[in-house]
Each structure stands twice: as structure tokens, then as C-alpha cells.
Amino acid sequence: MTTDASKQGWGAVCEAHGVRGRCTEPAWALHINVLELQAVLLGLSHFLPVLRDRHVLVRTDNIVVYINRSGEKSNSSADSPSVASQILVRRPDGPPPRRALAAPLENRLVVPGAGHVLAPQSRPPPALGLVPELEELTAWGLSDVAKRGREPVGVAPPLFPVVHVFARGHTCSRPQWHALQALQVGEAWLLRGERCRSSAPEAPLSLTGVGDLRVQRRMRRCPVERRTSRSTVADPEVAAKLRPLSLPRQTGHKTSPLQAGKVRWPQAAQWRGREELIAKPSTHARTQGNMQVGAAAQPTCTILENFDLYGLYRDGDILFGGILEIHFTTIYPELSFHSKPEQLRCEGFDFAGFQWAQAISFAIEEINRDPALLPNITLGYRMFDNCVKLAVAFRAATALISGVGNTFTDYSCTGTPPVLGIVGDPGSTHSIAISRMLGLFRLPLVSYYATCSCLSNKEEYPSFFRTIPSDKFQVKAMVQILRYYGWTWVGAIASNDDYGLFALKNFVEEVNKFGCVAFSEILPRNNDMSEILKIIDTIKQSTAKIIVVFSTEAYLFPLAEEIVRQNIRQRQWIASEAWTTSVVFQTKELLPYFGGTIGIAIRRGEMPGFEQHLLQVRPVFDPANNLVIKFWEAFFECKFKENTGKGNSTISKICTGSEDIISKKNEYNDVSELRATYNVYKAVYAFAHSLHDLMSCESGKGPFENNSCADITRVQPWQLLHYLGKVNFTTHYGDRVSFDENGDALAIYDVMNWQRADDGSVKIETIGLFDESAPAGQELTLQEDKIFWNFYSKRPPRSVCSESCLPGTRKATRKGEPLCCFDCIPCAEGEISNETDSIHCYTCPPEFWSNPGRNQCVLKEIEFLSYEEPLGISLTTISIFGACNSIGVLVIFFYYRNTPVVKANNSELSFLLLLSLILCFLCSLLFIGQPLHLTCMLRHIVFGISFVLCISCILVKTIVVIMAFKATLPDNNVMKWFGAAQQRGTVFVFTVIQAVICIIWLSTASPVPFKNTKYQNSKIIFECNIGSITGFSCLLGYIGLLASVCFLLAFLARNLPDTFNEAKYITFSMLIFCAVWIAFVPAYVSSPGKYSDAVEIFAILASSFGLLISIFAPKCYIILLRPEKNSKKALMGRAAPKQ
């Protein structure tokens, strides 16, 4: 028959038949052991008809002592012995049943002296509704052994003469271990022990003689005492009946292979517990004629002293450890060096930390109830408080991995270790130190709150994992927010620990990619007020409006108080996940200063049933669960009587243990924001799924040597570590849990905002999400309409050292200042910057130029002398005007061609000269307009030939004038050698020479259109490239040569008769011509772009007008205005007196 009981109800199962019921409210005040006894009594009574004349195997909890010692007093409950007496019922016609005898079961159990054979009952299926899982430890039997060992063994009574009671794994309050006791008839034997989880061989206990010895059994984690009573065992046959039997391995219900046969009795082949036997003489030993009990002694090591740690404990086949922050203040003892210092004392109970501890308990219970996860394995835990001190955390870690026993033997190093893995530590600094130690043993540590990016280094921390994202991703999320709002000038504050320092380092590196850190300050470890005041001064003096803080509440709270004291407002705070959701800051006093804070928070989760689990906590005076008492006293602000004289507390209220935990609300039972708690929950499940994967290994396909699998009875941390790195599962809430190659969890954060609650305090609202796995550029999503900005403008603040440089300018860093402090310098001509805050101006391509705003490259202006511009229009007008004048003179000359003025000096040359001047005026039009390949060739060719023709005519006229006057001398017949034909031939030859020069020039290097960018970068000078400077020089040089000869001859003929001295006019015209072209050369060279063409046109027009006016104006004056002088007589009239 299997029984169980709790505060809610009881149940019993026998041969697949069950009965159960609920406990009434008065029963809630009874001790659990009383309820267990009541369950046995009710079960036996219910199944009495089928149990008559049969042996009964009772599987139950920690109540064997009460059955065996019925009627004796008990420390746990005064009601227990009375109930136990009812279990040992009497048969009306037979002797009463005797006390329990240690008799572990085998597959076929032979009860000493009874002659009956018992077959062990199979486990009842879980569906029958028993509350806790069964944990077999040993077997007990009732026998009719004679009192004091002297009476013969009789036959068992017919009712139920043999009762085998199985003790299960409930935690007993006092003593801490389970009391597994057997008392032989007449108190001949009393054996005590605590269940032990691991296995190790041990020498058997032998019966060597008569005497009274105290046999002590020491286990690594379960100190147990076995002793003989002061009674004498005289009959060796009775002693022989104490020979141990092996414990059967049960199947069916969720029972571990570790449980079956865990404890063996003296003389067994080996011990399953990590234990040793020490035989010590009792102070009441009797050595005269009595049998002695001895043991093969093993060498042992004894712990000098245990750490005084606050903890929680639940037994199981496999234990996992936990290190949590439950007290946040450590009181160090006074070191007088005259006496041994006291242990550290922790104060300041953190209810949120205790909620984390309950999350481990809740997850373990869920896993144990789940038949699909870790079947036949019962998990347990041992948790310790680190008191937010590295020294305490390290003590807790060493206590977890080495056990809490007092002595150790060589057999203590086999089997399953005290803990297979540890959940914690929440602090990065603590995790770094602990991971270095655990990494040596490859014992996995899964932290739920340590975010330092340094812990991602698998070479240094090979066994470290975490269910919270690394600070690397937290920093990335913060930087995304800064970029989103354009905050490039930020301050940074960090706590003086690994969490803060590494996060600050990563943050500065990321911010420097787009902005600057105005200041970075480190919060002092010991809350030094002078250091805090320095930080306050820095905040006040800085122009940065955005301040990012990587810190925990303990470091930050003194700074927050000083900010309130000095009334520092209008700052936008960016909070790390360590204090974003902290209730410490959610007060009315801090809202005006920290309202609007934007923070990164751990992803929120749901844990159905967790709130009910939190409300089931009840105080238990158990050294292994002393944190429950601490919690109860802090939660209800009272003290239990046992603790009234301890510590410095002034609380006078006495705890009763029956306070109403449901009606009182604080952060302990607040399950609305399960963030860090949810990470704890996921860490436990990560261990469970890893262990489940380890158990599911198929033989011959394992990951270890020779494709072997791990043995669950001797599983080692390094084997679990292999599976932990590959774990991948989904929680009940739907979140996927896995670890990357660095042991980091998936990076998903909630973005939070501190807003005003209805009562004026701070409420924290979710305003966005950061998901590292999202597509690039979509990792951050914000709901801006939900954000509360604690500024007068109710808008996001601006936080820049220098305003952004607009397109068209570039940033110029100020010397000695951060990169974000700069001046905006306009880009130079021909350079642009088309983006904000550009650090460079980019040069435009050759055919492009910067616009006036310097933010765009546009096509350069193509400059040439066009007909549309004023200068082109003016020159065109003058050219046409000159050509028209020449034509007009030509018409006049043609009309008066027979007059003496026209006929005097070869009228044919005059007509030819006028035609050449018309060409000279018109050739200037070729220099106006967009250059083409044809116009580039014609402009200089027409110019050169026209002027050579013009100068040739003038030169011939000059020669003719000189010869005409010389021919008047006697015997001078020179004119016959230079007649009209010779004159035409001379002009033709001179012109042909120029034509040859032009042909050679065109054939060697023809002038072509050319876009010149050398003169002006902003414009393209569209001009004609002369091609060959030599050709152009020859063309001009030849014209200059003819003009110089003509000028020289005319100058020599200046003293000819005054009446018609044409040589004077030719001299004057040549003087003008030469002056114009001499001035043309430097003006042409120095004139840029289209103005060089204008200079050349001006030279052409000036020289053409000079020739036209100088030569033809006097003649036209006579022809038109003084016709009386247009006669031969008039022309020759003044010559006579000179003769």
C-alpha cells in the first residue's frame, strides 16, 4: 500500500485500487508527519477486508519512527505517537504486533522467523493522483522477534503481522535529514540515517562480538548516525537475522534508477551512498559477554568549519544549484585579532530575489510533474544567497560543488556530484570569478542576469551560459535608439564592476562610429560622496542632454538622491536592463527628474501557476531552508520567538507562521512583469532539457568515446555540458531557448518608458521592441505616440555639441575638442557635399561644376562669344557697320570712277582695297558664335588672306605713288616697268604667299573647336584651338612684314606734294594698323575665354576702320563735299608755284 498526504488532502493505493480525500481546515494546523500517519491509518482501515491474513508493504514518508516507537514523545508533533499507536492494531485472539525491524526488500523477501514470502508491490501509476513523487530509501518490517532478543521468533499474527514502510523524500524540519530508523524488539537496535543521492563503495559493517558500540555513518551531504542501543543482544541468531537484503529496483512511477537500492545495510557488497563508517566506543558500552559491532575504518578528511549561508533545499535524484541575490547588504564582523571572527551577516531582504529562488522551485516542481520530461528522475535543488558580495558568492559556489558534509573519504569522488549544474550568479563580476573555477571542472553555470560581454569568451569561460542577452546586444539596442533620434552628444555613467565597465567600453566604441561621448564617469564602489559630487558637477556643466547609465540599483541610487537634492532636470536618461524595471526608482520623488527615461528591459514572459506557487510558501524551521524564515520575517515585519534575540532588529512583533500571505502585496507576489524571473525559469528548463537529451541517447550513437552514452546513475557535469550547448526548446509561453556558439541567448529586448501613474508615481510602459534576429534596419521598432517626454516642449530633445553641417559644407574639427564639436566650412568652388555632416567635399567631374549651394554638381557653363550677348551684338553691329561703310565707299568710288580723285593712283587698286576691307570687316563675324570645325578653319584663313590682300593693295598703291612722282623727272621711265599688270601681279603674289602659309597650316595642324577648362574652372571656354602656333605666327608675321614695309615706304614718301599727298594718309593708316596689332598681342594673350576672341575682333575692326578712314575718308570728302577740287587742275594746281 502506498500513501501520501499534504495540507490539501491524502491518498492511498493498494493493488491498483485507490482511495483519497481532502483535509479539512482544522487539519491545516497539524504537522505534516501527523497527516502522513493519518493517511496510513485511513488507508489500512479502508483496505482492511483485503489485507486480512496477508503481509502488507506500506510505502510512505518520514513517519517510520512514529510507527516503531509508538507511544513515545516526539519533537516534531505530540500527536504523532498517538496516531502511530492506532496503526499497530491488536488482534482480539492473538498477541500484538511487534516493532519494526530493518529488513530491506529483495525480489523475494523472506521475513525472519515468519516463514512467509512477500513479493514486492509494483508502483502505482501517476494517474492515481498521489501528490509527491515516491522516493524509495529502505524497507522496514514487523516481526515477532522475542523481546530483548531472548524470546524465540514467533509466527506473525494473522491481521497484518509484517508492515514494510518505505520512507520518501520529504524534507523533515528537525533534524534536517530524513529520519530513517529501525528499532528491534526491546530497543536492541536503533539505526538512523539520511538518504543519499550518489553512489560509492564502502566496506561492510560486521558483527564481531558482544558489546555496545555507537556506529556513526558520515555522508558527504547527509550526516547520519547509526548507533546500537544500550540493550544487550545475547542471541547470535537474532543478530544473524539482521543480515541485510538488497533493495529491489521499482518501475512504473517516476522513480529514478538512482533511488532503487540506494541505501544498503551492514555487510552489503557495497554502499550506494557517499559515506563512511566510523566505529566509536560508546560511553555506555558494555564489553562483558556482549556482542560487539565494528566497522572497517576508512581514512577521512574532516571539514574544519562550514560556511554560514542562507539557502533553500529540496532533495532529489539529481540536484541543481542556485546562487541568487536575496540580501543586498553584508555586515562584516569586527576584526579584533583576539578572537575568532564571526561569520558574515546579510541584511536587507530583497523580495524580488526571493521570487527568483521560488522560480527555481516552481520550475523543478513542474518538471517533476511532467511525465514526458525526465521520466523516472526526480530533480532537487540547493540554493544559496550571495548577499551581493563576491566573497559570499564564491563561498556559495564552493559549497555547492563540494557538498555540505563534514567529512570526506576516497570514495567521495565517484558517482553523481553534489550538484550537476548551477543557476546563477546574477552579477557579472561574480559570474566571472565563479566561472573561472567551474570551468576547470566543466561544471555548467547558467546565469539569468549576468550580461557582461566578456563572458562570451569561450576560451576563458568554457562552461558559462546565460538566458539573458549579452551587453553587446544591449549596447547595440541603445545605439539604435540614439541613432533614431539623432543624439550624437551623450554622457555615459557606469558602475565600478565588470558589468558596468565592459558595457561602457563597448558603448563608447559604438557611439564613436557616429557621435561622441561628452563624458564618461564611474560610480564609486563605496558610495563616496565626494566622487558622486564630481559626477554631479560634470552632468551640470556638460551640454549633453542624453545620459546613458549602465549600473545596478545599489550603485545608482546614491547618485539619484543627489540629483534630486540639487534639482537637476531636463535630462533624458537611457537605462540599462539592470535598473530599467527596478521598483526602487518608481517613486513620486524621482518622477520629475527621471520621468521619461527610456530603458532596455529583459523580455517579459508568462509562467502559469507561478502566483499560486508563491502563495504556498510557509515557514519551516529547517537549517537547509533558513531563507524561508528570513523571508517570512521580512515580509510580515515580525520575528519568530527563536530569532528574537538575534541580530540588531528592533522589531517587536512576533511571527506566528499563520499570517495571511495572500492579502499582502509587494514585489514578491507581483507576477505582472516576469522578466529576470522568467530568465531563471528558462535556465532551469535548459538544464532539464539537456539532461533529458542526455538520457535519450541511443547506445552506440553517443557523443562520447567509442560512441558511448552517459550513464544517468553516474552522469558528470562535463557530459551535461555537451548537451547544454546544443539545447533547443520552446517554453510554455512560446519563446525559443537556445544558445549560440558563445553561450549567449537570443537577443530580444523590450524598450520601456517611465511615465506618470495615476497616483503620481512612476509606471513603466512598453513602447517598442529590439530583435537582433530581425532583418537589417528593422531591429528596432518604436511606438512614438506612447512615449512620454519629460521636457517643457514635450518633444524629443536635441543633444549635439555642434549642429549638423548642411549639404554644401564640411565638418572641421576644433582643435583639442571631441570629434562631435566642429565648425561647418563651406565647400570650395567646384566641390560639393550632398549629405549632412559630411567630413569631405568632393570635386566635381571635369565637365561639371558646383552650384551656388555647393550641394550639387551641374554642367559647367560653356562660354563663347555669342550673338545673343551684348558684347557679341555690339561687335556684330560694328562689323556690319564697317562692311557697309566699305560698300558705301565702293559705291561712291564706282559712281565717281571717272573723276580725277578716283582715277589718280590706280582706281583698280582702290576697288580691290575696298573689297579686301569689306572682307576684313566681315571676317570678324566668324569669331562670333559657337565654334565649329569649319568656322575655326575659316576665321584665321579669311582673316589672314583678307588682310594680306588689303596690305598688298596699300603697299602697291604706295609704290605706285612713289613711282608716279619720281616719274615726273626727266628721262625717268620707271612707270613702264610697274604698270597695271605688274601691280595686279604683285598683289596676287603677296596674297598667294599668305594662301600657301594657310594651306601648310591647315594641312599640318588645323584649328579645331576646343573646350578649354584651364582658364576658368567654373566654365568651359569653347574656343578654337589654333592647332599650330607656328602656323598662326607665320600668318601674323607675314601680315606684319607687309605692313612694316608699307609703313616704311609711306613714311619715306611723306614729303610728296601737299595737294594730293596720298603717302601721308597711307603712313597714318599703317601707323594705326601697326599700333593696333602690336597692342593686340599682349591683350590677346591675357584675355580669358571669349574675351580673347573679342580682342581679336576689336583688332580687326580697329585696323580695318583705320585703313578705311585714313585712306578713303579724304577722297570721299573731296568727292562728296568739295567737288570743285575733284578736277585735274585742282589736283595739280599747287604744284606750279613750287616748280
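Everything that follows concerns the structure shown earlier in this document.
Quick notes on the rules
Residues numbered from 1 in each chain as written. Predicted model: local features only at pLDDT ≥ 70, side-chain atom pairs only at ≥ 80, totals over all residues. Heavy atoms only, no water. Patch = residues over 30% accessible without salt bridge, like charges linked within 9 Å, V, L, I, M, F, W, Y side chains within 5 Å. Areas by Shrake-Rupley, 256 points an atom, 1.4 Å probe, with all protein chains shown as cover. Salt bridge = Lys/Arg side-chain N within 4 Å of Asp/Glu carboxyl O. Buried < 20%, exposed > 50% of the residue type's maximum accessible area, 1.4 Å probe, protein only. Axes fitted to C-alpha atoms, helices over the stretch in contact; angles between N-to-C directions. Helix = DSSP H or I, 4+ residues; strand = E, 2+ residues; numbered from the N terminus. Parallel < 35°, antiparallel > 145°, perpendicular 65-115°, else oblique. Left-handed = near helix turned anticlockwise from the far one by under 90°. Contact = heavy atoms within 4.5 Å. Nonpolar A, V, L, I, M, F, W, Y, C, P; charged D, E, K, R; others polar. Phe/Tyr/Trp six-rings, centres within 6.5 Å; stacked < 30°, edge-to-face > 60°. Pairing = 2+ DSSP bridges. Disulfide = S-S within 2.5 Å.

Caption draft 1: Structural view of a nonpolar patch on the surface. Taken together, Phe 988, Val 989, Val 992, Ile 993, Val 996 and Ile 1000 make up a surface patch of nonpolar side chains, about 510 Å² in accessible area. With relative accessibility at 32%, the residue Val 992 sits in the partly exposed group.

Caption draft 2: Structural view of the packing of helix 18 (residues 870–895) against helix 25 (residues 1090–1121). In contact at an axis separation of 10 Å, helix 18 and helix 25 are set at 25° when each is read in the N-to-C sense. With respect to helix 25, the element helix 18 is oriented roughly parallel. Judged by the twist between their axes, the crossing of helix 18 over helix 25 is left-handed. Packed against helix 18, whose contacting residues are Leu 871, Leu 875, Ile 878, Ser 879, Phe 881, Gly 882, Asn 885, Ser 886, Val 889, Ile 892 and Phe 893, the element helix 25 presents Tyr 1091, Ala 1094, Ile 1097, Leu 1101, Phe 1105, Leu 1108, Phe 1112, Lys 1115, Cys 1116, Ile 1119 and Leu 1120 at the interface. Of the residues in the contact of helix 18 with helix 25, the class split is 17 nonpolar, four polar and one charged.

Caption draft 3: Local environment of the packing of aromatic side chains. If you walk through the whole model with that rule in mind, you get 51 aromatic pairs. Summarising the aromatic geometry, the rings of Phe 631 and Phe 635 are spaced 5.2 Å apart at their centres and angled 40° between planes, so their arrangement reads as tilted. Of this pair, Phe 631 and Phe 635 both sit in helix 15 (residues 626–636), separated by four residues, roughly a single helical turn. Residue classification places Phe 631 among the buried positions, given a relative accessible area of 0%. Three or more aromatic residues link up through ring pairs in this structure, and these residues are Phe 349, Phe 351, Phe 354, Phe 631, Trp 632, Phe 635, Phe 636 and Tyr 668.

Caption draft 4: Layout of the sheet that holds strand 18 (residues 311–314). Spatially, six strands are ordered 18-22-19-24-25-26 in an open sheet, and the strand pairing comes out mixed. Edge positions in the sheet fall to strand 18 and strand 26 (464–466), since each of these pairs with one other strand and no more. Alignment of strand 24 (residues 422–423) against strand 25 (residues 445–447), held across two bridges, turns out to be parallel. When the bridges of strand 25 are listed, Ile 422 appears paired with Leu 445. Strands strand 18, strand 19 (318–324), strand 22 (379–385) and strand 24 of the sheet are contacted by helix 6 (residues 351–369), whose axis makes an angle of about 170° with strand 22.

Caption draft 5: Seen up close, the packing of helix 9 (residues 471–485) against helix 10 (residues 498–511). Interhelical geometry of helix 9 versus helix 10 gives an angle of 45° and a closest axis separation of 9 Å. Classed by the angle they form, the pair helix 9 and helix 10 counts as oblique. Every pair of crossing elements has a handedness; the one defined by helix 9 and helix 10 is right-handed. Seen from helix 9, the contacting residues are Asp 471, Gln 474, Val 475, Val 479 and Leu 482; seen from helix 10, they are Tyr 499, Ala 503, Asn 506, Phe 507, Glu 510 and Val 511. Across the contact of helix 9 with helix 10, the residue classes break down as seven nonpolar, two polar and two charged.

Caption draft 6: Structural detail: the pattern of salt bridges. Enumeration over the complete set of coordinates arrives at 27 salt bridges. A salt bridge links Lys 513 to Glu 510; the shortest N-O distance between them is 3.4 Å. Here Lys 513 falls in the exposed class, since its relative accessible area comes to 60%. Assessed through its relative accessible area of 29%, Glu 510 is described here as partly exposed. With its nearest N and O atoms 3.6 Å apart, the salt bridge here joins Glu 633 to Lys 639.

Caption draft 7: Layout of the sheet that holds strand 45 (residues 1019–1025). Within the open sheet, the three strands sit side by side as 43-45-44. Their pairing is mixed. A strand with exactly one partner marks an edge of an open sheet, and here the two such strands are strand 43 (861–863) and strand 44 (1008–1012). Taken pair by pair, the neighbouring strands of this sheet meet at an average axis angle of 30°, ignoring direction. Examined bridge by bridge, strand 44 and strand 45 share five bridges and lie antiparallel to one another.

Caption draft 8: Spatial organisation of the state of the cysteines. Applying the stated criterion to the full structure yields 10 disulfides. Paired by a disulfide, Cys 516 and Cys 820 hold their sulfur atoms 2.4 Å apart. Of note, the bridge from Cys 516 to Cys 820 carries an S-S torsion of about 95° and is right-handed in sense. Of this pair, Cys 516 sits in strand 28 (residues 516–523) while Cys 820 sits in the loop between strand 37 (809–813) and strand 38 (822–826), and the two are 304 residues apart along the sequence. Accessibility assignment for this pair places Cys 516 and Cys 820 in one class, buried. The disulfide bridge from Cys 801 ends at Cys 821, spanning 1.8 Å between sulfur atoms. Because the torsion about its S-S bond is 105°, the bridge between Cys 801 and Cys 821 counts as right-handed. In this pair, Cys 801 is assigned in the loop between strand 36 (780–782) and strand 37 and Cys 821 in the loop between strand 37 and strand 38, connecting sequence segments 20 residues apart. A relative accessible area of 4% places Cys 821 in the buried class. Between Cys 920, a free cysteine, and Cys 950, which holds the nearest cysteine sulfur, the sulfur-to-sulfur gap is 5.0 Å. According to the relative accessible area criterion, Cys 920 is buried, its value standing at 0%. Here Cys 953 is not disulfide-linked; the sulfur of Cys 950 is the nearest cysteine sulfur, at 6.9 Å.

Take it as geometry only, folks, not as evidence of what the structure does.
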